[in-house]
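Secondary and tertiary structure notes
Spelled out, the chains give:
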Amino acid sequence: MLKGMRRGKQKNQNKQQQQPQQQPPAGNEADKNRAPRVQQSMSLAPAAAQTIAVQAAKEPGNAAPRRKEGGRPASGSVDMTEKVQVQTPGADRSALKDLPALRDAPPTKREELFVMKLKLCSVIFSFDDPTADKRGKDMKRQTLLELVDYVNTPAGQKIFTESVMGDLMAMVSANVCRALPPATDDFDPEEDEPVLEPAWPHLQVAYEFFLRFIVSSEVNAKAAKKYVDQKFCLQLVELFDSEDPRERDYLKTILHRIYGKFMSHRSFIRRAISNVFYRFVYETERHNGIGELLEILGSIINGFAIPLKKEHLQFLVRALIPLHKPKCVALYHQQLSYCIIQYVEKDADTATPILNGFFKCWPWSCSGKQVMFLNELEEILELLGADQLAQVSTMLFTNLARCLDSDHFQVVERALFLWNNEHLVNSGCLSRLNAQTVLPIIYGPLYKNSSGHWNATVEGLAQNVLKMYMEYDLALYDKCTAAYFREEEEAKKKLEALNEKWHAIEQMAAQQQPALMAK
């Protein structure tokens, strides 16, 4: 019951976040001037980042507090350092004070002011009550927006020196690295709406600022890797379990950029992702960011050198192939299929262990997943060489025959569509060269589907496939036909003999029943 109340409360907060913002007063010229500059800064960010500038222009609380001459607050305003209530993981409340704009500061004082603004943004607010400490939250958001706007220019990025990296990473870690709320037992990612992050107004701009730092050419990778260390990378990987898709989108972009910039972290990042997959497959079967992690891996695998290292082959066999097992595979199957195909394109020999593991995970009891797996199988077969086919031909065609013999017409239909692939039929595993191996295994299900299947499409496709093989090799076709009917006749005789034995047992039981009743 408590879990339900918590989820209900979070969903109400999500609705409040999604409500349209009111238009600012006509006199809010500062925000109107700020919006175009911030919009330019969104060019490298994910799609979610494009809304920062629009939100900044629309929020009525974004205007700076009015002040009387002499710098004292106007009547009705309160000094933020006196009123604000914050959660402070290492943040100093005295940092919450009005600071001059970076662009207006003299160049000699700019770095010092930049560090002060970073410390201001390190103060963490609680968003359990959206109306509490509103002015403090607006002050921090405006400062974050100013930092993003400032470092979006080549001149502004020169401030990314090693002397500010410690404070910069302290600010990013304070905002980003946090414990995620525990998932409820009744959450279904396929049906339930995700719980959006209530602190997103601050978190989004913090991610955007950090992305600017990572992609900047002014950042020296050798100096920065002391601050963007393995511990921080591991915390980013753990955050992929966030229910908020906007956050996972930023994390995907940032982690990929870190992987590209810091070569010394690459092996560690791959191992961290592997551990997430192991825990998901063999323990929990619950994780929100598997698809995003696989997207990153798709680009990483594309850059693997040939021949593949033993580490990369182990990752394929131990992590990627078992990802076909979980019930929720449909949520990330597209990204998983892309990674598998990347391996086969890199090294055709990987097709053998892939198909061996693939059929071990085949969802025979779920027709929807079988159709999905057949889509992936077709892409693998297009890349399958003759040497690899010789190793897996019997297993491959036996399992195809099982799909053709399925009780669900969509599975049969999708399997028959493989023969509509010109590459597979002309030069692939279903071609004339392999007819001697294929036809004897699949003839039985094909014949049954071609002679009176209730679905006209299935019946027509099966007839076309049989006609094609008959044109390839008529003698082979006649041989398979004779063998099929002979097997059917033998099976019929075995069934009759079995029925006769059961009938004899029933007669014996009927004869002994009176004697048993007398006792």
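Everything quoted here is computed from the prediction, not taken from an experiment. Along each chain, numbering runs from 1 in the same order as the chain's sequence is written. Local features in this predicted model are restricted to residues whose pLDDT is 70 or higher, and side-chain atom pairs enter the listing and the counts only when it is 80 or higher, whereas totals over whole chains, interfaces and linings include all residues. Just so you know, side-chain values use all the structure's heavy atoms and leave hydrogens and water out.

A separate point is the overall build of the protein chain. Summing up its helical and strand segments, the protein chain has 24 helices and 0 strands in all. Residue burial in the protein chain is summarised as follows: out of 519 residues, 47% are buried. Summarising the internal contacts of the protein chain: among those between residues at least 6 apart in sequence, 74% fall at separations of at least 24. Strands are runs of DSSP state E lasting at least two residues, helices are runs of H or I lasting at least four, and both sets are numbered from the N terminus onward. Each residue gets one of three labels from its accessible area relative to the maximum for its type: buried under 20%, exposed over 50%, partly exposed in between, using a 1.4 Å probe on protein chains only. In this description, contact between two residues means that some pair of their heavy atoms is separated by no more than 4.5 Å.

Now for the packing of aromatic side chains. Side-chain rings of Phe, Tyr and Trp (the six-membered ring for Trp) are treated as a pair once their centres are within 6.5 Å; stacked means planes under 30 degrees apart, edge-to-face means over 60, and tilted covers the remaining angles. Within this structure, the stated rule accounts for 25 aromatic pairs. Taking 5.7 Å as the distance between ring centres and 90° as the angle between the ring planes, the aromatic pair formed by Trp362 and Phe373 counts as edge-to-face. You can see Trp362 sitting in the loop between α17 (351-360) and α18 (367-382) and its partner Phe373 sitting in helix α18, a full 11 residues away along the chain. No difference in accessibility class separates Trp362 from Phe373, as the two residues are buried. Ring geometry for Tyr443 against Tyr484: centres 5.7 Å apart, planes inclined by 65°, an arrangement best described as edge-to-face. With Tyr443 in helix α22 (residues 435-450) and Tyr484 in helix α24 (residues 474-518), the pair connects residues that are 41 residues apart, well separated along the chain. Note on Tyr443: relative accessible area 2%, which makes it buried. One aromatic cluster is present, formed by Phe114, Phe160, Phe209, Phe210, Phe213 and Phe232 through successive ring pairs. Geometrically, a lysine NZ or arginine CZ counts as sitting over a ring once it is within 6 Å of the ring centre and also within 35 degrees of the ring normal. A cation over a ring is seen here: Arg402 above Trp364, with NZ or CZ 3.8 Å from the ring centre.

Moving on, we come to the state of the cysteines. Cysteine sulfur atoms that come within 2.5 Å of each other are treated as a disulfide pair. The tally for this structure, following the rule as stated, stands at 0 disulfides. For Cys233, which is in no disulfide, the shortest distance to another cysteine sulfur is to Cys177 and amounts to 10.0 Å.

This part covers the nonpolar core. Generally speaking, a soluble globular protein has its nonpolar side chains buried in company with each other. In terms of nonpolar packing, the biggest core is built from 132 residues, with Phe213, Ile258, Phe277, Leu320, Trp419 and Tyr469 touching the most fellow members. Beyond its immediate sequence surroundings of up to four residues, Trp419 is in contact with Leu404, Val425, Leu430, Val438, Ile442, Val465, Met468 and Tyr469. Remark: nonpolar core denotes a set of buried residues (Ala, Val, Leu, Ile, Met, Phe, Trp, Tyr, Cys) joined through side-chain atoms within 4.5 Å.

Here we come to the packing of helix α20 (residues 409-416) against helix α23 (residues 456-472). Following both chains from N to C, one finds α20 and α23 inclined at 30°, their axes separated by 10 Å at the closest point. Taken as axis vectors, α20 and α23 run roughly parallel relative to one another. Regarding α20 and α23, the two cross each other, and that crossing is left-handed. Packed against α20, whose contacting residues are Phe409, Val412, Glu413 and Leu416, the element α23 presents Thr457, Val458, Leu461, Ala462 and Val465 at the interface. Here the term charged refers only to Asp, Glu, Lys and Arg, the term nonpolar to Ala, Val, Leu, Ile, Met, Phe, Trp, Tyr, Cys and Pro, and the term polar to all other amino acids, Gly among them. When the residues that make up the contact of α20 with α23 are grouped by side-chain class, the tally is 7 nonpolar, 1 polar and 1 charged. Only the stretch in contact is used when a helix axis is fitted, and all axes are lines through C-alpha atoms; the angle between N-to-C directions ranges over 0 to 180 degrees. Each angle is binned into one of four classes, with values under 35 degrees roughly parallel, values over 145 roughly antiparallel, values of 65 to 115 roughly perpendicular, and all other values oblique. By definition, any crossing whose near helix is turned counterclockwise from its far helix by less than a right angle is left-handed, and any crossing with a clockwise turn is right-handed.

This part covers unusual backbone geometry. Note that the residue after Ile306, namely Pro307, is joined by a cis bond; omega there is 0°. Secondary-structure assignment places Pro307 in the loop between α14 (290-302) and α15 (310-320). Phi angles above zero are rare outside glycine, and Glu285 is one such case at about 55°. As for its placement among the helices and strands, Glu285 is situated in the loop between α13 (266-284) and α14. Note on Glu285: relative accessible area 34%, which makes it partly exposed.

Right, let's get into helix α5 (residues 107-121). A helix is expected to reach a length of 1.5 Å times the quantity of its residues less one. Taking 1.5 Å of rise per residue, 15 residues should cover 21 Å, and α5 covers 21 Å from first to last C-alpha, within 8% of that figure. Looking at the buried side of α5, the elements it contacts are α6 (134-150), α8 (162-176) and α9 (200-215).

Time to look at α15. All of the buried residues along α15 are His312, Phe315, Leu316, Ala319 and Leu320. In an axial view of α15, the angular spread of the buried residues amounts to 115°, which keeps them on one side of the axis. In this structure, the buried side of α15 is in contact with α13, α14, α16 (333-346) and α17. Our arc is simply the arc of the directions from the helix axis toward the C-beta atoms.

Our next topic: a nonpolar patch on the surface. Like charges within 9 Å and nonpolar side chains (Val, Leu, Ile, Met, Phe, Trp, Tyr) within 5 Å are joined into patches, using only residues over 30% in relative accessible area that form no salt bridge. Reported accessibility uses the Shrake-Rupley method at a 1.4 Å probe radius. Residues are deemed covered only where the shown protein chains occlude them. Should a side-chain nitrogen of Lys or Arg be within 4 Å of a carboxyl oxygen of Asp or Glu, the pair is scored as a salt bridge. A cluster of nonpolar residues, Leu495, Leu498, Trp502 and Ile505, forms a patch on the protein surface that exposes about 420 Å² of accessible area. On the secondary structure map, Leu498 appears in helix α24. What makes Leu498 partly exposed here is its relative accessible area of 44%.

For the rest of this paragraph, the subject is the side chain of Glu146. Within the secondary structure layout, Glu146 lies in helix α6. The exposure class of Glu146 is buried, given its relative accessible area of 19%. Residues contacting Glu146, with those up to four places away along its chain left out, are Pro100, Ala101, Leu102 and Lys117.

This model, assessed by the stated rule, comprises 16 salt bridges. When the shortest N-O distance is used, the salt bridge between Glu162 and Lys226 registers 2.7 Å. Of this pair, Glu162 sits in helix α8 while Lys226 sits in the loop between α10 (221-224) and α11 (230-238), placing them 64 residues apart in sequence. We classify Lys226 as exposed; its relative accessible area is 54%. Notably, a salt bridge pairs Arg248 with Glu292, separated by 3.2 Å at the nearest N-O pair.

Here we take up the packing of α17 against helix α19 (residues 386-404). Viewed as axis vectors pointing N to C, α17 and α19 meet at an angle of 20°, and their least axial separation amounts to 10 Å. Accordingly, the angle class assigned to the pair α17 and α19 is roughly parallel. Classified by chirality, the crossing of α19 by α17 is left-handed. For the pair formed by α17 and α19, the contact residues are Ala351, Thr352, Leu355, Asn356 and Phe359 on the first element and Gln388, Gln391, Val392, Met395, Leu396 and Asn399 on the second.

Asp and Glu count as negative and Lys and Arg as positive, but His and the ends of the chain are not part of the count. Throughout, a charge is located at the NZ atom of Lys, the CZ atom of Arg, the CG atom of Asp or the CD atom of Glu. A cluster of like negative charges, contributed by Glu487, Glu488, Glu489, Glu490, Glu496 and Glu500, occupies part of the molecular surface. Inspection of the secondary structure assignment puts Glu488 in helix α24.

Relative to the helices and strands, His287 resides in the loop between α13 and α14. Exposure remark for His287: the relative accessible area of 18% places this residue in the buried category. As for His287 and Cys328, which are separated by 41 residues in sequence, their C-alpha atoms are 9.8 Å apart. Within 3.5 Å is the distance limit for a polar contact, defined as a pair of N or O atoms, with the added protein rule that one can donate a hydrogen and the other accept it, and that residues adjacent in sequence qualify only through two side-chain atoms. Within polar-contact distance, the side chain of His287 engages the backbone nitrogen of Gly289 at 2.9 Å.

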